[in-house]
Amino acid sequence: MPPRIDPKKCNGCEGREESHCEEACPGNLMYVGEDGKSHCRSLRDCWDCMSCTKACPRNAIETRVPYQLGYHLARLTPLMGKNSITWKCVDIHGNEETFKYRNRMDK
Ligand code: SF4
Ligand code: SF4
């Protein structure tokens, strides 16, 4: 499922030449629009790699869980730590669970 950007959290990377999510997307799908907010230019071309989601320093992007797995209210949000990533999973009833993993940079 394509990323969902929270316009209240997204600040367009404050005029950075290339936003973090834009830089991270291997398909060149993310861009900052004239409204100063990030958008995905072609939802159907997104292959759910979550690179943009993890790259956002403001946690403004969340990944929708595919309909077959969690219906439209379920979502995943990563919280990037220095040596770890914590995934917050919200199910269709609003229940939250977190899963913390060491990332590849950890020693
Ligand atoms: S990385 Fe986050 S804050 Fe920056 S433009 Fe993308 S969604 Fe907005
Ligand atoms: S999930 Fe991956 S392919 Fe989809 S918009 Fe984000 S970075 Fe691009």
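Under the annotation held in an unreviewed UniProt entry, the protein carries the name 4Fe-4S ferredoxin iron-sulfur binding domain-containing protein.

K.L.:
Looking at this structure, I do not really get the site of ligand 2. What am I missing?
P.N.:
Residues in contact with ligand 2, as listed here, are P3, C25, P26, M30, C46, W47, D48, C49, M50, S51 and C52. Partitioned by chemical class, the residues of the shell around ligand 2 number nine nonpolar, one polar and one charged.

K.L.:
In this structure, what is going on with the site of ligand 1? I would like to understand it.
P.N.:
Taken together, 13 residues are adjacent to ligand 1, and C10, N11, C13, C21 and C56 come closest. A class-by-class count of the residues in the shell around ligand 1 yields seven nonpolar, five polar and one charged.

K.L.:
What's the story with the sheet that holds strand β7 (residues 96-102) in this structure? I'm lost.
P.N.:
Either a parallel or an antiparallel arrangement is found when strands of a sheet pair, and the pairing is made through backbone hydrogen bonds. Strand order in the open sheet formed by five strands is β1-β4-β5-β6-β7, with antiparallel pairing between adjacent strands. Only two strands of the sheet have a single neighbouring strand rather than two, namely β1 (3-5) and β7. With direction set aside, neighbouring strand axes in the sheet form an average angle of 30 degrees. Both β1 and strand β4 (residues 61-64) contribute to a ladder of three bridges, which runs antiparallel. Paired with P3 across the two strands is T63, which belongs to β4.

K.L.:
It is not clear to me how the environment of C89 should be interpreted in this structure. Could you clarify?
P.N.:
Take C89: it is sitting in strand β6 (residues 84-90). Residues C89 and A74, spaced 15 residues apart in sequence, show a C-alpha to C-alpha distance of 7.5 Å. Look past the residues within four positions of C89 in its chain and what remains in contact with it is R75, L76, N95, E96, E97 and F99.

Definitions and cut-offs
Every chain's residues receive numbers from 1 upward, in the order its sequence appears when written. Each chain gets a letter, beginning with A, and each ligand a number, beginning with 1, in the order they are written. Totals for whole chains, interfaces and linings use every residue, but because this is a predicted model, local features are given only for residues with pLDDT of at least 70 and side-chain atom pairs only at 80 or more, for both listing and counting. Note that water and hydrogens are dropped before the side-chain values are worked out from all heavy atoms of the structure. When at least one non-hydrogen atom of a residue lies within 4 Å of a molecule or strand, that residue is treated as near it. Here the nonpolar group is Ala, Val, Leu, Ile, Met, Phe, Trp, Tyr, Cys and Pro; Asp, Glu, Lys and Arg are the charged ones; every other residue, Gly included, is treated as polar. Here the rule is simple: two strands pair whenever DSSP picks up at least two bridges between them. Runs of E in the DSSP output that reach at least two residues are strands. Runs of H or I that reach at least four are helices, and both are numbered from the N terminus. Between the N-to-C directions of two axes lies an angle of 0 to 180 degrees, each axis being a line fitted to C-alpha atoms and, for a helix, fitted only over the stretch in contact. Two residues qualify as a contact provided that any one of their heavy atoms is within 4.5 Å of a heavy atom in the partner residue.

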